[in-house]
Amino acid sequence: MRIVKEGYPFIAVAALLTLVLGYIWDWRAAVVPAVLTAFFTFFFRSPERNIPADEQLIVSPADGTVMAVEETTEELYLNGPCRKITIFLSVFDVHVNRSPIAGDIKFRQYTCGGFRPAFEKSVGFENERHTIGLTNDRLSVVVTQIAGLLARRIVSWKRLGDRLEKGELYGMIKFGSCTELFVPLDVEVLVAKGDKVVGGETIVGRIVNE
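Residues numbered from 1 in each chain as written. Predicted model: local features only at pLDDT ≥ 70, side-chain atom pairs only at ≥ 80, totals over all residues. Heavy atoms only, no water.

### Considerations on the overall build of the chain
In terms of helices and strands, the chain carries 3 helices and 16 strands. Out of the 210 residues belonging to the chain, those deemed buried represent 48%. When contacts within the chain are restricted to residue pairs at least 6 apart in sequence, long-range pairs at least 24 apart make up 71% of them. As presented, the chain carries roughly 10,300 Å² of accessible surface, and 58% of it is formed by carbon and sulfur atoms. (Helix = DSSP H or I, 4+ residues; strand = E, 2+ residues; numbered from the N terminus. Buried < 20%, exposed > 50% of the residue type's maximum accessible area, 1.4 Å probe, protein only. Contact = heavy atoms within 4.5 Å. Areas by Shrake-Rupley, 256 points an atom, 1.4 Å probe, with all protein chains shown as cover.)

### Quick word on the pairing of strand S4 (residues 64-74)
Two elements, S4 and strand S15 (residues 196-197), share 2 bridges in a ladder whose sense is antiparallel. Its bridge partner lying in S15, Thr65 is registered against Lys196. Pairing of S4 with strand S5 (residues 80-89) involves 9 bridges; the strand directions are antiparallel. Counterpart to Val66 in the pairing with S5 is Ile87. Connecting S4 to the antiparallel partner S5 that follows it, the hairpin turn spans 5 residues, and Asn79 within it adopts a positive phi of roughly 55°. (Pairing = 2+ DSSP bridges.)

### Notes on the nonpolar core
With 22 residues, the main nonpolar core has Ile58 and Leu181 as its most contacted residues. Contributions of two or more residues to this core are made by S5, strand S8 (129-135), strand S9 (140-147), strand S13 (177-184) and strand S16 (203-207). Looking at this core, the element that brings in the most residues is S5, giving 3 residues. Contact partners of Leu181, with chain neighbours within four places excluded, come to Ile58, Val59, Pro61, Arg83, Lys84, Ile85, Pro100, Val141, Val142, Val143 and Val204. Grouped together as the second largest cluster of nonpolar side chains are 12 residues, Ile11, Phe43, Val94 and Phe175 included. (Core = buried A, V, L, I, M, F, W, Y, C linked by side-chain atoms within 4.5 Å.)

### Comments concerning the side chain of Ser99
Its place among the elements puts Ser99 in the loop between strand S6 (96-98) and strand S7 (103-111). Separated by 2.5 Å, the side chain of Ser99 and the backbone oxygen of Ile101 make a polar contact. (Polar contact = N/O pair within 3.5 Å; in protein donor to acceptor, adjacent residues only side chain to side chain.)

### Topic: the packing of aromatic side chains
A full pass over the atoms with the stated rule returns 6 aromatic pairs. Here Phe10 and Phe40 contribute two aromatic rings whose centre-to-centre distance is 5.3 Å and whose plane-to-plane angle is 50°, an arrangement assigned as tilted. Placement of Phe10 in helix H1 (residues 8-24) and of Phe40 in helix H2 (residues 31-43) is noted, with a sequence separation of 30 residues between them. Phe10 gets classed as partly exposed once you look at its relative accessible area, which sits at 28%. Between Tyr77 and Phe107, the ring centres sit 5.9 Å apart and the planes meet at 25°, which makes this aromatic pair stacked. Of the two residues, Tyr77 is situated in the loop between S4 and S5 and Phe107 in strand S7; the sequence distance between them amounts to 30 residues. Given a relative accessible area of 17%, Phe107 falls into the buried group. One aromatic cluster is present, formed by Phe10, Phe39, Phe40, Phe43 and Phe44 through successive ring pairs. (Phe/Tyr/Trp six-rings, centres within 6.5 Å; stacked < 30°, edge-to-face > 60°.)

### Some points on the pattern of salt bridges
Using the criterion set out here, one finds 11 salt bridges in the structure. Two residues, Lys84 and Glu70, come together in a salt bridge whose shortest N-O distance is 3.7 Å. Of the two residues, Lys84 is situated in strand S5 and Glu70 in strand S4; the sequence distance between them amounts to 14 residues. Three or more residues joined by partner-sharing salt bridges are found here, namely Glu55, Asp137 and Arg138. (Salt bridge = Lys/Arg side-chain N within 4 Å of Asp/Glu carboxyl O.)

In C-alpha cells, the structure reads:
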C-alpha cells in the first residue's frame, strides 16, 4: 500500500505537532495530533487492486456504497439516455478514483459550485465537480467526481487526451465525496442500491452489445 502525494503535507504537519507537543509540553497534548497523523495516513492510502482483465467488464471508479442506480440523460458527453451509478464515499473509504474502462480521455470539464453533503440527491447538479468522458472501440462512459460538505478539493492527475488503462488511478477527492458513473443503456448493470463496491475491483457492469 502506498500513500498518495497529496497526503504528505497533512501527515507531515500532524506528525511534527505530535513530536513538538510531546517533547516540549506533555505526552497528553500529543494525543490529538498523533490521532490525526494516523487518520491522514489511513485516508490518503492507495492500496493495490486486482483489476479484472476481461475487456467487456466495467469496474467501479471508487470505493464506497452505491446510493442509486437509475436511468437518466447525460448531456455533456454521451448526449443521450443512459444509466447512472452513484457511489457515496465516507471519510473511511479509500478516496482515490480509478478508470472504469480502458480508454482515452476525450472530454474533461471542471465545474465550480457549492459544497452540500455528498449523500444529497442534488449534489451532482449543485456541487463542485470534475467530469471526464472516456472512449474506447467498444463504448463511451462518463465519470464525475463530486465534492461534498468536507471535500473541498478535487484532484486530477490526468489531462485531456491521456490514455487510461482499466483500474488506473486518475484522481481523488479529499475528505468525503460522491462519484457518479454514466454508462450506455446497453450495458448490463451488475450492482444495486446499498451494495459496497471497491474501486478497480468490483464489477459494476458488462458490455452486452457484442
